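# Examination of the molecular architecture
The chain contents come next:
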Amino acid sequence: MGKKQINIILMGFVMICPFLQGAYFYHGAYLAGAILLMILMYYIIINRKLRLERSLSHLLILIGVLLYLISIFHAVDKGMAYMGFLKVLVVYLFYLVIMQTNMDKKAFTDALSFCGIIMSAISLSAFFIPCLGEELIQKGRLGSFFQYPNTFALFILVCTVLVVNREKLKAYHIIGIIIMWAALLLTFSRSMYIIAIGTLLIIIIYDRKKIKYLIPAVLLGTAVWYIIMTFGDFTHMFDRIEETSTQTSEWLTRLLYYKDSISIMKDYPFGSGHLGYFYIQRKYQTGATYYVKYIHSNVLQVVMDIGIVGFALMGIYFVYNTLSKRLTFYDKLSIFIIFGHGAIDFDWQFLVIGFLILIIVFVDEAKIKEISITGIKTLGTFIIASVLLINYIYMALNSYLAYIGDYEDSLRLYPYNTEAKINLASEYRDTDPIKAYKLADEIISQNPFSINGYIIKRDIDYENYELEKAYESAEKIVDLNPLSIKNLEKYSNILLDMVRDDIENDREREALNRLKLIFEIPYHLNKLAKERLTDYNVKHIPRLYMSEKLIDNNVEAEKLYDKIIQD
């Protein structure tokens, strides 16, 4: 197999990745990493050299990847941080691969444009083919193969810009723009609507020659969107567009994510590792009882993962490339689109978006340095690549087993996947409490911020009337998730039972101490309300006042207190 054939395989990889859920899930990302390693090794073998770009862009990306590696050692969850590092490393491997190709950037952008058109065409058909619709449409919104409408809309808009960037637009390019614009509108992504309209206006102002092609294509795409909505009985989705405002609950809740992240930054200036934010967010949240895997801002997610230094690296990368004379207007426009939407969503968790950025910025051939790979260097390179390849295949297998729900076998391969362990413990919760409890202990050992582990221990201990142990877990849960009234009620229940047990066993001093904790709950909630409640008009506002259950428990506690005093 020669260089031409491996180039074709690389192009196939670039075009297939978006259809594999954008390489969002671990198993897809690790499989992509394994494929890229094999392609990289083949290029090195046939070229007998390693081509490296000596540029600021390369340095910034490399430092960012190394920071993810370092974060493993101080992460909230080291096992998940390792999985996150391997995922981020895949983007760097793609960067190394395109350094080796000597291929023209246009080949990559043409492949992505074609991919965007094909994906959009298939996605439009999902409104008429039920089996496709079940997979590609989420709650009336077109998420396509990404299964997330906002990121799909971003991908399609950038692909549209890549098509418009062509010197000559032929009939099939215009048809492609019509299809992609209709698909973008069917995502009902309000933020992407605003960005898409802004992009359209900028192109019209900057490149007037494209107006005669672009305006008719956009109008026809809008007509296709309206027809599909009307005849597909999706007209109720128009209400979502009418609700577009800076005062919508969804947007205000995101502002809470961003506001609350400031407190996390202060406590974790060097980041909390991959998924660290996911585990610690409820300890810091204000205004709403939200619970999200990612912070819905790539900018802030980098800070959450690898700290303020990561944010600085990203800022420098953005400024450096948007000011670069090497990149065209359309390249810079695409970067602004990706970073702009990335500021308010988690698109970069889909590795395809990372690939997209690297293709747009591409490689500066003038800064390429070639390193000869012969003799002992060949052996060393082969050993490193082989270890990484085995690792990626191994991790792809265990993460795929977790993805399909085979948590037991997944954990046999990699026992540090906290999410798989939590799911397995939940499955055993009713069928095998002993095994569930053991898993919960392991979860907490791996990740002391995992509320799920403490909940399993608390409930099992409480059922077995192990009140001291149940109380320890309940207290930790209230500390980690202070806005949860449900968990506070269970904390109160356990304390009340402990008081009764103390009274029965003539431990009045201990009973009085526990009663004091129960009587402090109203003051605790009042203090919490002053500190944590905001005037944001959002869903899931926490009920930081005494619930009926808490009031009943307080009344019962007062009776028990009177009984102790009288005795």
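Scope of this entry: the structure provided in the associated data block. (Residues numbered from 1 in each chain as written. Predicted model: local features only at pLDDT ≥ 70, side-chain atom pairs only at ≥ 80, totals over all residues. Heavy atoms only, no water.)

Here the focus is the overall build of the protein chain. Counting secondary structure elements, the protein chain contains 27 helices and four strands. Relative to a compact globule of 567 residues, whose C-alpha radius of gyration would be 24 Å, the protein chain shows 27 Å and is just as compact. Counting only C-alpha atoms, the protein chain reaches 95 × 65 × 45 Å along its principal axes. Expressed as a percentage of the 567 residues in the protein chain, the buried residues total 56%. A separation threshold of at least 6 residues defines the contact pool for the protein chain, and within that pool the share at least 24 residues apart is 74%. If you sum the accessible surface of the protein chain, you get close to 25800 Å²; carbon and sulfur atoms cover 62% of it. Both charge centroids of the protein chain, one from 57 positive and one from 56 negative side chains, sit 13 Å from each other. (Helix = DSSP H or I, 4+ residues; strand = E, 2+ residues; numbered from the N terminus. Rg over C-alpha atoms; globule rule 2.2 N^0.38 Å. Buried < 20%, exposed > 50% of the residue type's maximum accessible area, 1.4 Å probe, protein only. Contact = heavy atoms within 4.5 Å. Areas by Shrake-Rupley, 256 points an atom, 1.4 Å probe, with all protein chains shown as cover. Lys, Arg positive; Asp, Glu negative; His and termini not counted. Charge placed at Lys NZ, Arg CZ, Asp CG, Glu CD.)

The subject of this paragraph is the nonpolar core. Counting 154 residues, the largest nonpolar core has L10, F13, F94, F108, F155, F355 and Y392 as the members making the most contacts within it. With 16 residues, the single largest contributor to this core is helix α4 (residues 78–101). Every residue in contact with F13, bar those within four places of it in the chain, is listed here: A32, I35, L36, F94 and F355. (Core = buried A, V, L, I, M, F, W, Y, C linked by side-chain atoms within 4.5 Å.)

This part is about the packing of helix α25 (residues 508–519) against helix α26 (residues 521–532). With their axes 4 Å apart at the nearest point, α25 and α26 run at an angle of 35 degrees to one another. Residues L517, I518 and F519 of α25 pack against I521, P522 and Y523 of α26. (Axes fitted to C-alpha atoms, helices over the stretch in contact; angles between N-to-C directions.)

So, about a nonpolar patch on the surface. A contiguous nonpolar patch, built from I376, L379, F382, I383 and V387 and spanning about 520 Å² of accessible area, is present on the exposed surface. Along the chain, I383 falls in helix α18 (residues 376–403). (Patch = residues over 30% accessible without salt bridge, like charges linked within 9 Å, V, L, I, M, F, W, Y side chains within 5 Å. Salt bridge = Lys/Arg side-chain N within 4 Å of Asp/Glu carboxyl O.)

Quick look at unusual backbone geometry now. Even without being a glycine, K139 presents a positive backbone phi close to 55 degrees. With respect to the secondary-structure elements, K139 resides in the loop between β2 (137–138) and β3 (141–142). Taking relative accessible area as the criterion, K139 reaches 82% and is therefore assigned exposed. The phi dihedral of S144 is positive, around 55 degrees, even though this residue is not glycine. Take S144: its relative accessible area is 0%, and that puts it in the buried class.

A separate point is the environment of P18. Structurally, P18 is set in the loop between α1 (3–16) and α2 (26–47). The exposure class assigned to P18 is buried, which follows from its relative accessible area of 0%. In the structure, P18 is positioned 73 residues away from V91 in sequence and 14 Å away in space, judged by C-alpha atoms. Contact partners of P18, with chain neighbours within four places excluded, come to C115, M119, F145, F146, F155 and V352.

On to the packing of aromatic side chains, then. Following the criterion strictly, the structure yields 33 aromatic pairs and no others. Three or more aromatic residues joined by ring pairs form one cluster here, namely Y24, F25, F146, Y148, F152, F155, Y294, F346, F350, Y400 and Y403. The positively charged end of K87 is found above the aromatic ring belonging to Y26, 5.7 Å away from the centroid. (Phe/Tyr/Trp six-rings, centres within 6.5 Å; stacked < 30°, edge-to-face > 60°. Lys NZ or Arg CZ within 6 Å of the ring centre and 35° of its normal.)

Let us look at the environment of L275. Inspection of the secondary structure assignment puts L275 in the loop between α12 (249–267) and α13 (276–284). By relative accessible area, L275 is classed as buried at 1%. C-alpha of L275 to C-alpha of I521: the two residues are 246 residues apart in sequence and 31 Å apart in space. Setting aside its immediate chain neighbours within four residues, L275 contacts Y26, M80, K293, Y294 and D305.

This part covers the pattern of salt bridges. Close approach of charged atoms lets side chains of opposite charge pair. For the coordinates displayed, the defined rule picks out 24 salt bridges. Linking R412 and D409 is a salt bridge whose minimum nitrogen-to-oxygen distance equals 2.3 Å. Pair noted here: R412 and D409 are both in helix α19 (residues 407–413), with a separation of three residues, about one helical turn. The exposure class of R412 is exposed, given its relative accessible area of 61%. Classification of D409 as partly exposed rests on a relative accessible area of 30%. In this structure, R458 engages D459 in a salt bridge whose closest nitrogen and oxygen atoms are separated by 2.9 Å. When salt bridges that share partners are traced, they join E468, D501, D502, R507 and R514 into one network.

A few words now on helix α14 (residues 298–306). The buried fraction of α14 amounts to nine of the nine residues, a majority that puts the element mostly inside the structure. Positive backbone phi, approximately 90 degrees, marks G307, located one or two places after α14.

Counting through the fold element by element, N447 comes out in the loop between α21 (433–446) and α22 (451–463). Note on N447: relative accessible area 0%, which makes it buried. Among the polar contacts listed, one links the side chain of N447 to the backbone nitrogen of F449, at a separation of 2.9 Å. (Polar contact = N/O pair within 3.5 Å; in protein donor to acceptor, adjacent residues only side chain to side chain.)

With their axes 10 Å apart at the nearest point, helix α16 (residues 329–342) and helix α17 (residues 351–361) run at an angle of 155 degrees to one another. With respect to each other, α16 and α17 are oriented roughly antiparallel. Of the two elements, α16 crosses α17, and the hand of that crossing is left-handed. Contact residues: α16 offers D331, S334, I335, I338 and F339, while α17 offers I353, L356, I357, I360 and V361. Tallied by class, the residues present in the contact of α16 with α17 amount to eight nonpolar, one polar and one charged. (Parallel < 35°, antiparallel > 145°, perpendicular 65-115°, else oblique. Left-handed = near helix turned anticlockwise from the far one by under 90°. Nonpolar A, V, L, I, M, F, W, Y, C, P; charged D, E, K, R; others polar.)

A separate point is the side chain of D77. Position of D77 relative to the elements: it lies in the loop between α3 (56–71) and α4. With no salt bridge to any partner, buried D77 finds its closest opposite charge in K78, at an N-O distance of 8.4 Å. Looking at D77, its side chain comes within polar contact range of the main-chain nitrogen of G79, at 3.2 Å. Within the structure, D77 has its side chain in polar contact with the side chain of T418 (distance 2.4 Å). In this structure, D77 is in contact with Y279, Y416, T418, Q446 and N447, ignoring residues within four places of it in sequence.

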